[in-house]
Amino acid sequence: MGNQSNKSMAEKSWSPQPADAQEKQLLEIADQVLERAKANGATAAEVSLGHGKGMSVNVRNGEVETVEYNRDKSLGITVYFDHRSGSSNTTDYADAALKSCVDAACNIARYTEEDEFNGLADPELLATKIPDLDLYYPWQLEMDEAIDLATRCEQSALDQDSRITNTEGGSLSSHDGADLYANSHGFRGLSRSSRHSISCSVIAGEGDGMQRDYWYDSCRDQSEMRTPESVGKETAQRTVRRLGARKAATGTYPVIYEPMVAASLLSHLVSAISGSSLYRRASFLLDSKGEKLFRDSIRIHEQPLLKKAPGSASFDNEGVATKPRDIVSGGVLNDYVLSSYSARKLGTQTTGNAGGVHNLTIDPTEDIGLDDMIKSMGTGLVVSELIGFGINNVTGDYSRGAFGFWVENGEIAYPVQEFTIAGNLRDMFMGIEVVGSDFDIRRSTRAGSILVGEMTVAGA
Amino acid sequence: MSDILQLAQQSLWQPTGLIEQDINNTLGKIMTPGIDYADLYFQYSRHESWALDEGTVKSGSFGIDQGVGVRAVAGEKTGFAYSDEITGNALLDAASAARSIAANSGDQGAVAVRNDRKIAPLYSSANPMESLKDEDKVALLRQIEQVARKADSRVVQVMVSLAAAHDTIMIARSDGLLAGDIRPLVRMNVSVIAEENGRREQGSSGGGGRYTMEYFVEQNRAEEYAHEAVRQALVNLEAQDAPAGEMTVVLGPGWPGILLHEAIGHGLEGDFNRKGTSAFSGQIGQKVASSQCTVVDDGTIANRRGSLTIDDEGEAAKNTVLIENGILKGYMQDQTNARLMGMEPTGNGRRESYGHLPMPRMTNTYMLAGEHDPQEIISSVDNGLYAVNFGGGQVDITSGKFVFSASEAYVVKNGKITHPVKGATLIGNGPDVLTRVSMVGNDLELDTGVGVCGKEGQSVPVGVGQPTMRIDGLTVGGVSV
Ligand SMILES: [Zn+2]
């Protein structure tokens, strides 16, 4: 499309109310819902609600492909009748809908069974201060501007290399909103946040030699977003480097995970040490608190209060104050990842992780980037992308499809594909020899490149 | 007017007093010169779930989602907006946002929606949440837990879940089509952990479809899920390390059809082929599989999880031949991609909800039966893997590389099934994996009704199926070199 005549036409009907009026509405609804739960006989209740708005555009071959406007709201309530609970959710904030939402949750609680561990977080653990973590930068983005940025991003990828043959386009999206968590202890925690992303995906090569890759940036504050041109250029480089891929050879080799995929190793750790896996005894890391799972040089910690970061929060999903903490230090697992419920089941205290971990970070073991890590590895594989879900949380068995590069004499020899990397996560954790300083800060799990000493590669 | 459409109107329009004139007016406002097509998608969806864990039915939840999505299409451009309020004003707001993809000029179009089609529904419109009393749902979960625990003393953990959804939709299109559908969906899942000598392994099973919850009680299906989950966990207690490398692989019937979904299905969706980004682009009429292979996408099977009386753009579901005797025959299409490619829609236009744009998506994708006895297929293998159960899979559309992860597999030696091996991911190349199919069994089975497909952030229920199949050469991603 041309950039004519559509300028800000959407502003009229889709402009938001001032933020404080909307937030006042969230607080009023929360009070109303909690009061109704109490009137229905609930001994405790909690409610999460929020609203958000945004837009996204996708441009392909220089032409607009899609323009989407989002406007969402949602509310979820959990009620407790002593130790029985029920939950319900709705997207409708009309009085009648809110009433029937609360009633539905109360009705369900009549049929669920007593569970002594059920209930709100202990009042003394709730956050008392809610610091501004600098997460809210709404962008008064007009459609023309969004289209222009996405177009420039795609165009710079297409211009970068003559081997680029096709494109899935350039995209820009921007969202912001507010969320409220409230409970019958009187806790009210409001947080506003924004998220802006730019991305590009192109195809290089032809026929059965085609390869696709992508690149993106994502941030709270659009003034910190990388330029469309740099994202486009990186997309093109990542795509053409995959051309001429061969099947990797079967064998056992050291493997380097690039930062984009290295974070997945931390996610597997979190799922194995999270309360619900532990109390169900569905983890390969049962009773591992205090155990040495990694080498001495490994530290993994949470940084919930980082300003402007993607995973920042001053309280968790049940209002419990978050705090920076070391989960692994000196290679030893210090603590689990727990909510109030799973902590009670395990006879301990919540770690402020209802809803997950916050900016989980693995510290570099030395000041080293990918290139130097490849040099020091000598022979082995670099993995740039993983596909599939071959992870068994009960046994730690790991087997995933991969794309990457074969390394010989400390240099990338050629791209590889159609192979798997496999091992057991316990061995892989202990096998982490080097963690790089080339952090990927766009994600709420932060890791640089990671070298695992030995894994099984299955290919040709 | 069909009964279903009448029921849908009662749920979607009546509460806020919307009438046909509002719909015509909204579509007319969008259809100014420069806009080729527009549609409105109304949805009222209720869902419920119950879960048993650690011997207690400790959680249950209920939810309602409703809203309307408005789409305007001009050439290859699509504008989209939605609202969670189904009112005349919300419709007009969303309409003006959606149509902003084209210059704002010219007169309003005239649209008069009507329904003059009669399509027989593939499932009942009854609300599955009302098919069992709440206390009976809880009792069923407890009963199934007991069945699993009693099946073997090594069972140490049982989780059972029961979920139901009742989805009412209406589509109003600028070409005048007005259509509605009421879709039930139920699902039950049992997963267990068995422990022996300090080793723990899991097994899981489940099923469902477009039924009421009585489906699980009938024919003791729920109990079957419990026995099956326990059986798998016990098999895995004996499993040894899986081999690594390329070998002959025999896939069992039913759910292993996830191979077709990943290796073939996604690559044959119209959007990727219109853009030329699929490894199958431009290959219609080419031989992409052994001549024993015929693969279809069939949304017309009564009560199946992936079936749809009409798709989310109002097209009647179809049985589309994708590969016939090894030759690539066709793609799966939605309205937009069919129009841009000069093809017919195939009833594959689907969306997760009113808040998402439709795309070409699979329904039930399966391979037709061949001639071989399954036992004959296993006997033919000197050294290979026999894989009968799988977890999830994924594909890279452009390079064609796909994976799917076995959760129950055995080593085959000299035509005999020997010991079980631990789960391993299998990896292959979509455009050539089916050319290596050397034997197709006569035992076609569809899966039990548990599939969820994700694409561009949207999830939809799907089905798969296949007969036993021998593939001469697929890479098995075990640890044992
Ligand atoms: Zn899929």
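Everything below is about the structure printed above this text.
Let me begin by describing the structure that accompanies this report. None of the values given here were measured: they were computed from a predicted structure.

Rules and cut-offs
Residues numbered from 1 in each chain as written. Chains lettered and ligands numbered in written order. Predicted model: local features only at pLDDT ≥ 70, side-chain atom pairs only at ≥ 80, totals over all residues. Heavy atoms only, no water. Phe/Tyr/Trp six-rings, centres within 6.5 Å; stacked < 30°, edge-to-face > 60°. Helix = DSSP H or I, 4+ residues; strand = E, 2+ residues; numbered from the N terminus. Buried < 20%, exposed > 50% of the residue type's maximum accessible area, 1.4 Å probe, protein only. Lys NZ or Arg CZ within 6 Å of the ring centre and 35° of its normal. Pairing = 2+ DSSP bridges. Contact = heavy atoms within 4.5 Å. Axes fitted to C-alpha atoms, helices over the stretch in contact; angles between N-to-C directions. Disulfide = S-S within 2.5 Å. Core = buried A, V, L, I, M, F, W, Y, C linked by side-chain atoms within 4.5 Å. Polar contact = N/O pair within 3.5 Å; in protein donor to acceptor, adjacent residues only side chain to side chain. Donors = N, O, S within 2.8 Å, 3.2 Å for Na, K, Ca; no water. Parallel < 35°, antiparallel > 145°, perpendicular 65-115°, else oblique. Left-handed = near helix turned anticlockwise from the far one by under 90°. Nonpolar A, V, L, I, M, F, W, Y, C, P; charged D, E, K, R; others polar. Buried area = accessible area lost by both parts, 1.4 Å probe. Salt bridge = Lys/Arg side-chain N within 4 Å of Asp/Glu carboxyl O. Expected span 1.5 Å × (residues − 1).

**A short note on the packing of aromatic side chains**
Think of a pair of aromatic rings as described by two things: how far the centres are apart, and how the planes are tilted against each other in angle. All names here are of chain B. This model, assessed by the stated rule, comprises 16 aromatic pairs over all chains. Where Tyr 82 meets Tyr 354, the ring centres are 6.0 Å apart and the plane angle is 75 degrees; that geometry is what we call edge-to-face. With Tyr 82 in strand β3 (residues 77-83) and Tyr 354 in the loop between β11 (349-350) and β12 (359-360), the pair connects residues that are 272 residues apart, well separated along the chain. Between Tyr 211 and Tyr 215, the ring centres sit 4.0 Å apart and the planes meet at 15 degrees, which makes this aromatic pair stacked. For Tyr 211, a relative accessible area of 25% translates into the label partly exposed. On the accessibility criterion, Tyr 215 (11% relative accessible area) is buried. One residue, Arg 210, lies across the ring of Tyr 123, its end atom 5.5 Å from the ring centre.

**Re the sheet that holds strand β11 (residues 332-333) of chain A**
All names here are of chain A. Overall, mixed pairing links the five strands, which are arranged β11-β10-β9-β12-β17 in an open sheet. One side of each edge strand has no neighbouring strand; the edge strands of this open sheet are β11 and β17 (445-446). One ladder, built from two bridges, connects strand β10 (residues 325-329) with β11; its direction is antiparallel. By the bridge assignment for β11, Val 328 is matched with Leu 333. Strands β9 (300-302), β10, β12 (360-362) and β17 of the sheet are contacted by helix α6 (residues 259-272), whose axis makes an angle of about 120 degrees with β12.

**Here we look at the pairing of strand β1 (residues 37-53) of chain B**
It is a general feature of regular strands that their side chains alternate between the two faces of the sheet. Buried residues dominate β1(B), accounting for 14 of its 17 residues. Taken together, β1(B) and the strand that follows it, strand β2 (residues 56-74) of chain B, pair antiparallel across an intervening segment of two residues, in which Glu54(B) is found at a positive phi of about 55 degrees.

**Here we look at the state of the cysteines**
All names here are of chain A. Per the stated rule, a full pass over the model turns up zero disulfides over all chains. Not part of a disulfide, Cys 200 finds its nearest cysteine sulfur in Cys 153, a span of 4.4 Å. Residue Cys 200 is classed as buried on the basis of its relative accessible area of 1%.

**Topic: the nonpolar core**
In a soluble, globular protein the nonpolar side chains are often hidden away together inside. By size, the foremost hydrophobic cluster in this structure holds 98 residues, and its most contacted members are Leu172(A), Ile23(B), Phe42(B) and Met188(B). The leading source of residues in this core is helix α6 (residues 221-237) of chain B, at eight residues. Apart from the residues within four sequence positions on either side, Met188(B) is in contact with Leu140(B), Leu141(B), Ile144(B), Val160(B), Ser161(B), Leu162(B), Ser205(B), Gly206(B), Gly207(B), Phe216(B), Ala222(B) and Tyr225(B). Judged by nonpolar contacts, the second largest core, of 48 residues, contains Leu381(A), Val416(A), Ile432(A) and Val452(A).

**Describing the environment of Asp22(B)**
All names here are of chain B. The topology assignment puts Asp 22 in helix α2 (residues 20-30). Once the C-alpha coordinates of Asp 22 and Gly 88 are considered, the two residues, 66 residues apart in sequence, prove to be 6.4 Å apart. At 2.9 Å, the side chain of Asp 22 forms a polar contact with the backbone nitrogen of Ile 19.

**Notes on the pairing of strand β3 (residues 84-90) of chain A**
Of all seven residues that make up β3(A), five are buried, and the element is covered over most of its length. Sheet analysis places strand β2 (residues 63-81) of chain A next to β3(A), joined by seven bridges and oriented antiparallel. Counterpart to Thr78(A) in the pairing with β3(A) is Ser87(A). Following β2(A), the chain reverses through two residues before pairing antiparallel with β3(A); Asp82(A) in that reversal takes a positive phi of roughly 55 degrees. Pairing geometry for β3(A) and β2(B), over four bridges, is parallel. Residue pairing across strands places Thr90(A) opposite Ile64(B), the latter belonging to β2(B).

**With respect to the coordination of the zinc ion**
Residues and elements named next belong to chain B. Distances from the zinc ion to its protein donors, His 261 (NE2), His 266 (NE2) and Cys 453 (SG), fall at 2.0 to 2.3 Å. One chain supplies every donor for the zinc ion, spaced along it as H-x4-H-x186-C. With His 261 in helix α7 (residues 258-265) and Cys 453 in strand β20 (residues 451-455), this pair connects stretches of sequence that are 192 residues apart. When sorted by exposure, His 261 lands in the same class as Cys 453, which is buried.

**Quick notes on unusual backbone geometry**
Generally, phi is negative for residues other than glycine and the peptide bonds are trans, each holding for most cases. With a phi angle near 55 degrees, Glu418(A) is a residue other than glycine that sits in the positive phi range. Summarising the element assignment, Glu418(A) is placed in strand β15 (residues 411-424). A relative accessible area of 12% means that Glu418(A) is categorised as buried. We note that Gln219(B) has phi near 50 degrees; this positive angle belongs to a residue other than glycine. Note on placement: Gln219(B) falls in the loop between α5 (214-217) and α6.

**Let's talk about the packing of α2(B) against helix α3 (residues 88-98) of chain B**
Residues and elements named next belong to chain B. Closest axis-to-axis distance for the α2/α3 pair is 9 Å, and the angle between their directions is 15 degrees. With respect to α3, the element α2 is oriented roughly parallel. Of the two possible hands of crossing, α2 and α3 adopt the one that is right-handed. Side by side, α2 and α3 meet where Ile 23, Thr 26, Lys 29 and Ile 30 of the first sit next to Leu 91, Leu 92 and Ala 95 of the second. Residues belonging to the contact of α2 with α3 are distributed by class as follows: five nonpolar, one polar and one charged.

**Notes on the interface of chain A and chain B**
Every contact between the two is made by 81 residues of chain A and, on the other side, 77 residues of chain B. Taken together, the two surfaces of chain A and chain B that pack against each other cover about 6300 Å², and 51% of this comes from carbon and sulfur. Across the contact surface, chain A and chain B share 11 salt bridges. The shortest N-O distance in the salt bridge between Arg274(B) and Glu65(A) comes to 3.8 Å. Here chain A is connected to chain B by 34 residue pairs in polar contact (both at pLDDT 80 or more). No other element matches β2(A), which puts 11 residues into the side of chain A that touches chain B. Its residues placed into classes, the side of chain A that touches chain B shows 25 nonpolar, 34 polar and 22 charged.

**A look at α6(A)**
Residue and element names in this part refer to chain A. An ideal rise of 1.5 Å per residue puts 20 Å on 14 residues; α6 measures up with 21 Å between its terminal C-alpha atoms. Judged by how many residues are buried, α6 sits mostly within the fold: 12 of 14 residues are covered. When α6 is considered as a whole, its buried residues turn out to be Pro 259, Met 260, Val 261, Ala 262, Ala 263, Ser 264, Leu 265, Leu 266, His 268, Leu 269, Val 270 and Ala 272.

**Here's the deal with the side chain of Asp298(B)**
All names here are of chain B. Tracing the backbone through its elements, the reader meets Asp 298 in strand β8 (residues 295-298). A polar contact of 2.5 Å, which involves the side chain of Asp 298, links it to the side chain of Thr 300. Not counting residues within four places of it along the chain, the set of residues in contact with Asp 298 comprises Lys 318, Asn 319, Thr 363, Asn 364 and Tyr 366.

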